[in-house]
Structure formats: C-alpha cells, structure tokens
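One-letter residues, chain by chain:
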Amino acid sequence: MSTSQSAHVGVDVSKQSLDVGIRPGNTLINLTNDEAGHEALLSALKSYSVQLIVLEATGGWEAAIAAKLIQAGFPVAVVNPRQVRDFARALGRLAKTDRIDAQVLAHFAEAIQPPPRELPDANAQRLAALITRRRQLVEMRTAEQNRQAAAHASLLKDLKQHTEWLSARIKDVDHDIGQALKDSPVWLERATLLESVTGIGTTTSATLMALLPELGQLGRRQIGALVGVCPFNRDSGKMKPNYILYKRSKLVNN
C-alpha cells in the first residue's frame, strides 16, 4: 500500500483488545491491548499518512497505547465518549444502547478533527493518577455509605470503619494533590487563578490542569469541543457542531 494514502483512524480500546478502524476504505484491524498488539498497530499505521487518530477516554485503558502513538509521532486525540456518541446519533448510526465502534471513531476523526494532544510530562501524569485515585476512593466510600442503609446490624461496624478509612485515604490523596500543585510554580499560579472563581477548589482546579492542560492555550470554542460540550444538530440531513460554551464546569464531586 502506498505510504502516501491519507487516513483517519479510530481505536476502540478495552482492557483486552484494540479494534482499529481506518478511513477511507473502512478497514478494520483487531489486536490485543498488550505490548505485542501495540507494536503491531504501530507497524500497520506506517503504511498510511495518518492525519489523526482518535481514542475514547476509557478510564485509563487507553493511556498506554495513546502514549506510544504520540511517542511514535502520530497525531492523537483522546476524546470524551459523550462527544462521539452525540456525533454518531446525529448521523443516525447509533441507538441509545449501542456501543461506539472503531469505524464511528474513525469517521469522527475525519469529520470533526478534534485537536491532537501532546504527551503529558511525568509530573502531569502523576497529578492525573492522583486525581483518578481520588475519584475511585470517593466512589468506594459512596458505595459503602449506601450499603449501610440496608446492611444487617452485624455488618454496620465494619462498614463504618471502612468508610472512615476511605475518608482518611481521600484526605491523604488531597494532601498529595495540594503538594503537587505547590511543587510547580506554573501550576500554583494557574490553580490560584482558577480558584478565584466561586465554587472552584483545589480538587477541581487540579482536575482541570491534569486532564485539560490546553487551558490557556486554546480558545473557548476549541476547549468546549475538546471537553465534549459540543452536541451535534442534524439540520436538513446535515451534521454540524453546535458549540455550547460554559463559564464553569464542575468535573469532580467533592
């Protein structure tokens, strides 16, 4: 195949597998989500002049392959799943419970062309990991609190102790997040600016900086599209983005 063939690529990532869609041609490649599969994907993409690769944010399963693709010099955009789902619905290609597939992601890459993202540095990756861990701990604590309402009396003590332990761990992670911000003069300045907005605290400002480092570099419309607050209207059979701009978005439940 000629290396001059332009292509847009969608990668549907799960814990075990990578489904890769390539446009034009509707080519579909199925690979394992491991070292061998990653190397096979990099090798396959060398046959194309790749314009953009789109992956969904899938709770971390996409991180390793996204990093390898960026390191190999490919333009990569990790996008909000809701944004792709809105796009697919606007095209009439997705019912409410359907699963997004690689071909839809490739079509999204070709039609919408979200901005590619740079590989985060080590500090940004650490901050993102802390934010993810905090969310996991909050979810576990909420689950344990909900269980107390219907639990047998003999289990209440254990549930309460575990809930208290999780609360302590959340405080520890909050301390680590705050320390990470203090260790970086740039982050500290940005955090101070963000937290000057009513309702935004350390957790939210850290989340924004870790998961949306483009803040301050892109315009409001580009940021809105990147975050995924960009539903798609279908007017007379034509799809077009309708950017909804928000003054503030609360991304984390404190």
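About the criteria used
Residues numbered from 1 in each chain as written. Predicted model: local features only at pLDDT ≥ 70, side-chain atom pairs only at ≥ 80, totals over all residues. Heavy atoms only, no water. Helix = DSSP H or I, 4+ residues; strand = E, 2+ residues; numbered from the N terminus. Areas by Shrake-Rupley, 256 points an atom, 1.4 Å probe, with all protein chains shown as cover. Salt bridge = Lys/Arg side-chain N within 4 Å of Asp/Glu carboxyl O. Buried < 20%, exposed > 50% of the residue type's maximum accessible area, 1.4 Å probe, protein only. pLDDT = per-residue confidence, 0-100. Contact = heavy atoms within 4.5 Å. Core = buried A, V, L, I, M, F, W, Y, C linked by side-chain atoms within 4.5 Å. Pairing = 2+ DSSP bridges. Arc of directions from axis to C-beta. Axes fitted to C-alpha atoms, helices over the stretch in contact; angles between N-to-C directions. Polar contact = N/O pair within 3.5 Å; in protein donor to acceptor, adjacent residues only side chain to side chain.

Enquirer: What is the right way to look at the overall build of the protein chain in this model?
Expert: Secondary structure assignment for the protein chain yields 9 helices and 7 strands. Of the roughly 14,400 Å² of accessible surface on the protein chain, 51% is carried by carbon and sulfur atoms.

Enquirer: How should the pattern of salt bridges be read in this particular structure?
Expert: A side chain with one charge may pair with a side chain of the opposite charge, provided their charged atoms come close. Considering all chains together, one arrives at 6 salt bridges under this definition. One salt bridge in this structure joins Lys68 and Glu35, with 2.6 Å as the shortest N-O distance. Placement of the pair is Lys68 in helix α2 (residues 63-71) and Glu35 in helix α1 (residues 35-45), with a sequence separation of 33 residues. Of the charged contacts in the structure, one is a salt bridge between Arg169 and Asp172, with a shortest N-O distance of 3.0 Å. Note that Arg169 and Asp172 are positioned in helix α6 (residues 153-182) at a spacing of 3 residues, about one turn of the helix.

Enquirer: Help me understand α2, please; the structure alone is not making it clear to me.
Expert: Since one α-helical turn is 3.6 residues long, residues separated by three or four positions face the same way. Buried within α2 we find Ile65, Ala66, Ala67, Lys68 and Leu69. Looking one or two residues beyond α2, the residue adopting positive phi is Gly73, at roughly 95°.

Enquirer: What is the right way to look at the confidence of the model for the protein chain in this model?
Expert: With 78% of its residues at a pLDDT of at least 70, the protein chain reaches an overall mean of 80. Here residues 234-254 is modelled with pLDDT under 50, and outside its nearest four sequence neighbours on either side it reaches 46 contacts, counting other chains as well.

Enquirer: Explain the nonpolar core to me, please; I cannot follow it from the model alone.
Expert: Nonpolar side chains in soluble globular proteins generally cluster together in the buried interior. Counting 21 residues, the largest nonpolar core has Leu127, Ile177, Leu181, Trp187, Ala206 and Met209 as the members making the most contacts within it. Of all elements in the fold, only α5 (122-150), α6, α7 (185-194) and α8 (202-211) reach the threshold of two or more residues within this core. Looking at this core element by element, the count peaks at 7 residues for α5. When sequence neighbours within four positions are dropped, the list of residues in contact with Ile177 reads Leu127, Leu130, Ile131, Arg134, Thr202 and Ala206.

Enquirer: Would you take a moment to explain the pairing of strand β3 (residues 27-32) for this structure?
Expert: Looking along a regular strand, one sees side chains alternate from face to face of the sheet. Two elements, strand β2 (residues 17-23) and β3, share 6 bridges in a ladder whose sense is antiparallel. Among the inter-strand pairings, Ile22 is bridged to a residue of β3, identified as Thr27. Counting the residues in the hairpin turn of β2 and β3 gives 3 residues, including Gly25, whose phi is positive at 105°.

Enquirer: Would you mind showing me how to read α7 here?
Expert: Regarding α7, the residues found buried are Trp187, Ala191 and Leu194. Projected onto a plane normal to the axis of α7, the buried residues spread over an arc of 65° and lie on a single side. For α7, the exposed residues lying more than 90 degrees away from the buried face are Pro185, Glu189, Thr192 and Leu193.

Enquirer: Quick question: what am I supposed to make of the sheet that holds strand β5 (residues 76-79) here?
Expert: Two orientations exist for strands paired in a sheet by backbone hydrogen bonds: parallel and antiparallel. What the 5 strands build is an open sheet, ordered β3-β2-β1-β4-β5; its pairing is mixed. Taken across any chain shown, the strands that pair with only one partner, and hence form the sheet edges, are β3 and β5. Between one strand axis and the next, the sheet turns by 20° as a mean value, whatever way the strands run. In terms of strand pairing, strand β4 (residues 49-56) meets β5 through 4 bridges, oriented parallel. Bridge assignment links Leu55 to a residue of β5, and that residue is Val78. Together, β1 (6-13), β2, β4 and β5 form the strand contacts of α2, whose direction differs from that of β5 by roughly 155°.

Enquirer: How should I be thinking about the environment of Asp174 in this particular structure?
Expert: Relative to the assigned elements, Asp174 resides in helix α6. C-alpha of Asp174 to C-alpha of Thr202: the two residues are 28 residues apart in sequence and 8.4 Å apart in space. Dropping the residues within four chain positions of it, Asp174 is found in contact with Arg134 and Thr203. Among the polar contacts made by the side chain of Asp174, one reaches the side chain of Arg134 at a distance of 2.6 Å.

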